[in-house]
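This is what each chain is made of:
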Amino acid sequence: MSISIKNQQFHLQTPTTSYIMDIISTGELRHLYYGNKLHQDAKLEHTNLTMVLAESPTKDRTISYYNISREYPSYGRSDYREGSIHIQNDQYGDTIIELEYLSHYIISNCPSLKNLPHIRNTQDKAETLVITMIDKSLGLEIDLYYTILEESDVITRFSIIKNTGSMNLKILSALSLSLDICCDKNWELITLNGTWGRERKLERSPISYGAHYISSTQGNSSSSLHNPFGMLVRPYTTETSGEAIATSLIYSGNHKLNVELTPLDNLRLMLGINPFDFNWSLNPGEEFTTPQAVICYSSQGMGSVSRELHHFVQNRIINPKWKDHQRYILINNWEGTYFDFNEDKILAMAEEAKKLGIELFVLDDGWFGHRDNDFTSLGDWFDYKTKLPNGIKGLSQKISDLGLKFGLWFEPEMISEDSDLFKNHPEWRIECPRYIPCQGRNQYVLDMTRKDVQDYLYEKISSVLEESTIHYVKWDKNRNLTDIMSRELPVNQQKEFVHRYMLSLYQLFDRLITKFPDILFESCSAGGNRFDLGMLYYMPQTWASDNTDAIQRLDIQWGSSMGYPLSSIGSHVSESPNHQTGRYASLQLRGAVALFGTFGYELDPLKIPLKEKEIIKQQIHAFKKYRTLISQGDFYRIQSPETNVCSWGVVSSDKTEALIMVTRILSSANPTMIKINIPNLISSALYSVDELGITAYGNELMNSGLWMPVSNEFIKNTELSCFCSWNRSGIDPCFPDFSGMVFHIKKI
Ligand code: GLA
């Protein structure tokens, strides 16, 4: 890792990549190169073109934005694309900006961002280059921050925009990252899209001329519609080969990822706060900090970029307290009881869960106010005594006495009309005086920018957490923002509201997490509607989806793994038939899929037949044995759920063991054999695969691959049998399709 600066050229070197910029005669910061690592003295002279072009910001017609990649582009001076920064001044009213290089400096380590989640300093070294750009005519200074890390190829970027002049400025757009790729249209774009119950489905599409974007306008959600993540890949890039550039935003609100390809084959990738409905006043003396964006390059395929991101998230985003801390195997009562429970019922479930080997009991929605359905009580964070006569304090004590940890659900950002809170503070609800506010799940959103709202939530949540024995909090948020405005903000600052909401929320997280450092927080938003690096900074795991159907989870977890590590992906085994899809799947298959995540159960253990309880005990026993490998190992996507067979697995960093999952979605008569090539073993080492009763050399398993047996009869009885139901159509009348198995490969 190094930052070298020679002849007005900045060369950032990560362990295997180079990122190079220089300053040209106009003072423009030019982007020169991003890709595999180059020699520290590489001059890239061949990129100095001498074409004479029609349009230029200066009289020198060899300088044109048709042939120059811009590092921090703006609109208005002969670049007709959307830029990183768009600012209006109140003296002339125009939005033209021309930035030139002013100065630079280097700081050791990562900078911290005011009120925004960001990469953390660790024992590993980091360096940050800060380049200051200036527009003298506006009194505008912009510091561009680039951080590189000793242990990772990830580069992070953000900027601080300062009004050092005398005009009032309005920021119309301030994106965190922009990457120009000159004269090269041979890319495709991968994004993660979906909706409730179908989050983060991978889509790979060619890039055609013009602009294409994905975004969130949901306000308080990065959203299940479009994750703030994207990857540029070559048409020939696979999991194991070819170029890939991934980018992600450390932010949970409105975002926009924009890809623009001009007919001259110049590609621009941008990511940051969504400029739509955004407008920030920047008066003289004020500054604005953008969220931090992440970028990572590999020439070794999508899998390699994903693994870099996984390690980065584990090392630099997640709260270090939880980095290596084993996450508790939990049972959540939501699908087991919904709102219909009382203390006796919960204790009976907990007692049964304990017998199965579960470590944490999570009480979900319905414990507060008088909440028996989703029309009431959000905001009333006090015990519902009819259900819980001894309150959360009494219940949590009894659960502790059973030898289990206890967790609790909150949805703090919300308010129900039928609540004491609404009676006392109707003005805390977000609404526009001209309209009746829109509903979402029969509830409304609190104005989180208000200090009195933040303090109320801080006090109420703190008092529940203080007086009870609580080890885990599920922080939910089940609706998005509508009727966006705040009574607290002046008319000309209303378009700041959404970003201010996020800043205030992050502040509240900070206060609570600082006060309760030992509580494990899991974020949730109607399933996975707010799955992003911003949330993971505060809460190390996220409930991936309300959809617990094992087959649909293949898509959800496959897509999530593009940018997020397994330790962040909340995955539970639920009942069959599945509550969301009505589909039947064997307990073994449901377990096999949930195993590759934080693992837990979402069902009523009292309703489970004895035979299945034995299987659950074995699953929990096996997860306990392999959980370090699952959360710390390197994750490989092997075969995509787009085909009938899906396979993925983890390999330990020393390559001595691997845990591999294979599912076959539909069986068929006279089936084609299934073969799985195991990734990244030691070629010459001998391995055993007990489930298949074989031994083989690493290079055999990697190159010839493992042939899957035809059915369960050929799978040996091992501790992983509880994850194997590999059926030939017709053998098991209940589960004719949807087979799954997990096997362990161990160096002998
Ligand atoms: C959301 C969550 C669920 C559950 C319910 C409770 O839908 O995603 O897991 O907590 O709320 O109301």
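This is a predicted model, so every value here is computed, not measured.

Parameters and conventions
- Throughout, a residue's number is its position along its own chain's written sequence, starting from 1.
- Only residues with pLDDT of at least 70 get local features here, since the model is predicted, and only at 80 or more are side-chain atom pairs given and counted; chain-wide, interface and lining totals rely on the full set of residues.
- Note that water and hydrogens are dropped before the side-chain values are worked out from all heavy atoms of the structure.
- Two distance rules govern patches: like charges are joined within 9 Å, and nonpolar side chains (Val, Leu, Ile, Met, Phe, Trp, Tyr) within 5 Å, applied only to residues with over 30% relative accessible area and no salt bridge.
- Where accessible areas are quoted, they stem from the Shrake-Rupley method and a 1.4 Å probe; at the residue level, only the protein chains shown are allowed to cover.
- The term salt bridge refers to a pairing of a side-chain nitrogen on Lys or Arg with a carboxyl oxygen on Asp or Glu at a separation within 4 Å.
- Elements are defined by DSSP. Helices are runs of H or I of four residues or more, strands are runs of E of two residues or more, and each kind is numbered from the N terminus.
- To sort residues, take the accessible area from a 1.4 Å probe on protein chains only and compare it with the maximum for the residue type: under 20% means buried, over 50% means exposed, and anything in between is partly exposed.
- A molecule or strand has a residue near it when one of that residue's heavy atoms lies within 4 Å.
- Side-chain atoms alone can form a polar contact between residues adjacent in sequence; in general such a contact is a pair of N or O atoms within 3.5 Å, and within protein one must be able to donate a hydrogen while the other accepts it.
- Domain start and stop positions are those given by an automatic or database domain assignment.
- In this analysis, two residues are considered to be in contact whenever any of their non-hydrogen atoms come within 4.5 Å of each other.
- Any two strands between which DSSP finds at least two bridges are classified as paired.
- Note on geometry: axes are lines fitted to C-alpha atoms, helical ones only across the stretch in contact, with angles between N-to-C directions running from 0 to 180 degrees.
- Any two rings among Phe, Tyr and Trp, with Trp reduced to its six-membered ring, count as a pair given centres within 6.5 Å; such a pair is stacked if its planes are under 30 degrees apart, edge-to-face if over 60, and tilted if neither.
- When describing relative orientation, an angle under 35 degrees is termed roughly parallel and one over 145 degrees roughly antiparallel, while 65 to 115 degrees is termed roughly perpendicular and anything else oblique.
- Two helices crossing with the near one rotated counterclockwise from the far one by less than a right angle form a left-handed crossing, whereas a clockwise rotation gives a right-handed crossing.

Participant: Please set out a nonpolar patch on the surface residue by residue, giving values where relevant.
Facilitator: Taken together, the side chains of Y66, Y75, Y80 and L264 make up a nonpolar region of the molecular surface, amounting to roughly 410 Å² of accessible area. Turning to its location among the elements, Y80 is positioned in the loop between β4 (29-36) and β5 (85-89). What makes Y80 exposed here is its relative accessible area of 52%.

Participant: An account of the site of the ligand is requested, with residue identities and associated values reported.
Facilitator: Taken together, 13 residues lie near the ligand, and D364, D365, R441, K474 and D546 sit nearest. Backbone polar atom of G527 to an oxygen atom of the ligand: 2.8 Å apart, as the coordinates give it. Protein chains bury 97% of the 300 Å² of accessible surface belonging to the ligand in isolation.

Participant: Residue-level account of the domain arrangement of the chain, with values.
Facilitator: Interface size is commonly expressed as the accessible surface area that is lost when the partners come together. On domain assignment, one finds that the chain holds domain 1 (2-320) and domain 2 (639-747). Domain 1 and domain 2 are separated by 41 Å when their C-alpha centres are compared.

Participant: Residue-level account of the side chain of R268, with values.
Facilitator: Position of R268 relative to the elements: it lies in strand β17 (residues 267-273). At a separation of 2.9 Å, a polar atom in the side chain of R268 contacts the side chain of D79. Of note is the side chain of R268, whose polar atom sits 2.7 Å from the side chain of D180. Those residues in contact with R268 that sit more than four places away from it in its chain are R70, P73, D79, R81, E82, G83, S178, L179, D180, N258, V259 and E260.

Participant: Describe the sheet that holds strand β39 (residues 739-747), with residues and values.
Facilitator: Taken together, the six strands give an open sheet; going across it, the order is β32-β33-β34-β39-β36-β37, and neighbouring strands pair in antiparallel fashion. Either end of the sheet is taken by a strand with one partner, and the two such strands are β32 (634-639) and β37 (694-697). Adjacent strand axes in the sheet meet at a mean angle of 20° when their direction is disregarded. Two elements, strand β34 (residues 657-664) and β39, share eight bridges in a ladder whose sense is antiparallel. Counterpart to V662 in the pairing with β39 is M741. Contacts from helix α11 (residues 587-594) reach β33 (645-651), β34 and β39 within the one sheet, and its direction differs from that of β34 by about 130°.

Participant: Tell me about the sheet that holds strand β21 (residues 330-332), and name the residues and values.
Facilitator: Across the sheet, nine strands lie side by side as β29-β28-β27-β26-β23-β22-β21-β31-β30; this open sheet has parallel pairing. Looking at the sheet topology across the chains shown, the edges are occupied by β29 (569-570) and β30 (572-574). In this structure, strand β23 (residues 405-410) lies alongside strand β26 (residues 472-475), joined through four bridges in parallel fashion. Within β26, the position partnered with F410 by the bridge is W475.

Participant: Give me helix α5 (residues 391-401): which residues, what numbers.
Facilitator: Taken residue by residue, α5 has G391, I392, G394, L395, S396 and I399 as its buried positions. If you follow the buried residues of α5, they end up packed against α4 (343-356), β22 (360-363), β23 and α7 (451-467). Following α5 by one or two positions, G403 adopts a phi angle in the positive range, close to 90°.

Participant: Describe the packing of aromatic side chains, listing the residues and the values that go with them.
Facilitator: Enumeration according to the criterion identifies 30 aromatic pairs in this entry. Ring geometry for Y19 and Y146: centres 5.9 Å apart, planes at 50°, overall tilted. Taken together, the positions of Y19 in strand β3 (residues 17-23) and Y146 in strand β8 (residues 140-149) put the pair 127 residues apart, joining distant regions of the chain. Note on accessibility: Y19 and Y146 belong to one class, buried. Pairing F596 with W648 gives two aromatic rings, centres 6.2 Å apart and planes at 65°, and the pair type is edge-to-face. A residue pair is termed long-range when its members are at least 10 positions apart, and F596 in the loop between α11 and β31 (600-602) and W648 in strand β33 qualify at 52 residues.

Participant: Any details on the pairing of β33? Residues and values, ideally.
Facilitator: Burial analysis of β33 places seven of its seven residues in the buried class, which makes it a mostly covered element. Relative to β33, β32 runs antiparallel, the two sharing five bridges. Across the sheet, Y636 pairs through a bridge with G649, a residue of β33. Where β32 folds back on β33, the antiparallel hairpin that results is connected by five residues. Judged from the seven bridges that link them, β33 and β34 form a sheet pairing that is antiparallel. Opposite V650, over in β34, you have L659 as the bridge partner. Connecting the antiparallel pair β33 and β34 is a turn made up of five residues, with K655 showing a positive phi of about 65°.

Participant: Give me the lowdown on the packing of α4 against α5, citing residues and values where you can.
Facilitator: At a closest axis distance of 10 Å, the pairing of α4 and α5 adopts a crossing angle of 20°. Viewed along their axes, α4 and α5 adopt a mutual orientation that is roughly parallel. Between α4 and α5 lies a crossing of right-handed hand. Across the interface between the two elements, E343, I346, L347 and A350 of α4 pack against L395, K398 and I399 of α5.

Participant: Quick one: what's the story with the environment of Q632, residue by residue and with numbers?
Facilitator: With respect to the helices and strands, the residue Q632 is situated in helix α12 (residues 610-632). In the structure, Q632 is positioned 21 residues away from S653 in sequence and 8.2 Å away in space, judged by C-alpha atoms. Setting aside residues up to four positions removed in sequence, Q632 forms contacts with K323 and D324. Side-chain polar atoms of Q632 contact the side chain of D324, separated by 3.4 Å.

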